Amino acid sequence: MKNLILAGMLGTSLFAMSCSSVKNAGNAQNQRAEYLKMKGDWQIVSIDYDKEYKIKPFDEGADAQCFVGSHWRFIPNNYTGAYTLNGGGDCPVVTQPIKFEVKGGNTFMFKKVVDGTKAKQNVVGYSLNVINQTTDQFSLEQNVPFDGSTVRVVYNFQRTGMK
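Quick caveat: nothing in here was measured; it's all calculated off a predicted structure.

1. What about the state of the cysteines?
Right, on to step 1. Summed over all chains, the structure comprises 1 disulfide.
Right, on to step 2. Linked covalently through their sulfurs, C66 and C91 form a disulfide whose S-S length is 2.0 Å. In this structure the cystine formed by C66 and C91 twists about its S-S bond by roughly -80°; its chirality is therefore left-handed. With C66 in the loop between β1 (40-48) and β2 (71-75) and C91 in strand β4 (residues 91-103), this pair connects stretches of sequence that are 25 residues apart.
Right, on to step 3. Owing to a relative accessible area of 7%, C66 belongs among the buried residues under this scheme.

And the structure:
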């Protein structure tokens, strides 16, 4: 009788573990789906923020308006990409390779890849919230601490190619 109870308990724990791995596989599939939604070429069509502040995103030394019209490419199979600022006026021409990931379906994290270093050596990065995502557009929201308060910056993206 003890062997039957022990076998029953073992079977229950194996069933629970197998369900857990199915659940984890489902989470991995969902996360992969979030990456694939961003695959392709995108353009920042507008940036919303309180214009009382001078915003210089992502440590580029360029005004936020220099990012309007910038081209972003996301390649989810190896978590790489790049963004390009077009230049003109007081805006620099910049092409910056990045490594990115989407966590929990709503947190977009990226870090710059600097020539001559591996991405894992760079511990500085940016975390933004994914909002209003559809097949052909999404927004990234960044809350920037400033002078004891927070400035909300929203980058609005439109798909330009490669779904």
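Having put the structure on the table, let's press on.
2. Comments concerning the pattern of salt bridges
Right, on to step 1. Overall, the coordinates contain 5 salt bridges when judged by the stated rule.
Right, on to step 2. Measuring nitrogen to oxygen at the nearest pair gives 3.1 Å for the salt bridge that ties K112 to E60. Linking K112 in strand β5 (residues 107-112) with E60 in the loop between β1 and β2, this pair joins segments that are 52 residues apart in sequence. In this pair, the class of K112 matches that of E60, namely buried.
Right, on to step 3. Between D136 and R159 there is a salt bridge whose closest N-O contact spans 3.4 Å. Of this pair, D136 sits in the loop between β6 (126-131) and β7 (137-146) while R159 sits in strand β8 (residues 149-161), placing them 23 residues apart in sequence.
Right, on to step 4. With a relative accessible area of 13%, R159 lands in the buried category.

3. A closer look at unusual backbone geometry
Right, on to step 1. Here N132, not a glycine, exhibits a phi torsion of approximately 55°, which is positive.
Right, on to step 2. Along the chain, N132 turns up in the loop between β6 and β7.
Right, on to step 3. Take N132: its relative accessible area is 59%, and that puts it in the exposed class.
Right, on to step 4. Even without glycine at this site, D147 takes up a positive phi of about 50°.
Right, on to step 5. Of note, D147 is situated in the loop between β7 and β8.
Right, on to step 6. For D147, a relative accessible area of 74% corresponds to the exposed category.

4. A word on the pairing of β8
Right, on to step 1. Both β1 and β8 contribute to a ladder of 7 bridges, which runs antiparallel. Bridge assignment links S46 to a residue of β8, and that residue is N156.
Right, on to step 2. Two elements, β7 and β8, share 10 bridges in a ladder whose sense is antiparallel. Across the sheet, F146 pairs through a bridge with S149, a residue of β8.
Right, on to step 3. The antiparallel pairing of β7 with β8 creates a hairpin that spans 2 residues between the two strands, and D147 there sits at a positive phi of about 50°.

5. Things to note about the sheet that holds β8
Right, on to step 1. In space, the 8 strands of this closed barrel follow the order β1-β2-β3-β4-β5-β6-β7-β8, with antiparallel pairing throughout. Going across the sheet, the axis of each strand differs from the next one's by a mean of 35°, ignoring polarity.

About the thresholds
Residues numbered from 1 in each chain as written. Predicted model: local features only at pLDDT ≥ 70, side-chain atom pairs only at ≥ 80, totals over all residues. Heavy atoms only, no water. Disulfide = S-S within 2.5 Å. Helix = DSSP H or I, 4+ residues; strand = E, 2+ residues; numbered from the N terminus. Buried < 20%, exposed > 50% of the residue type's maximum accessible area, 1.4 Å probe, protein only. Salt bridge = Lys/Arg side-chain N within 4 Å of Asp/Glu carboxyl O. Pairing = 2+ DSSP bridges. Axes fitted to C-alpha atoms, helices over the stretch in contact; angles between N-to-C directions.

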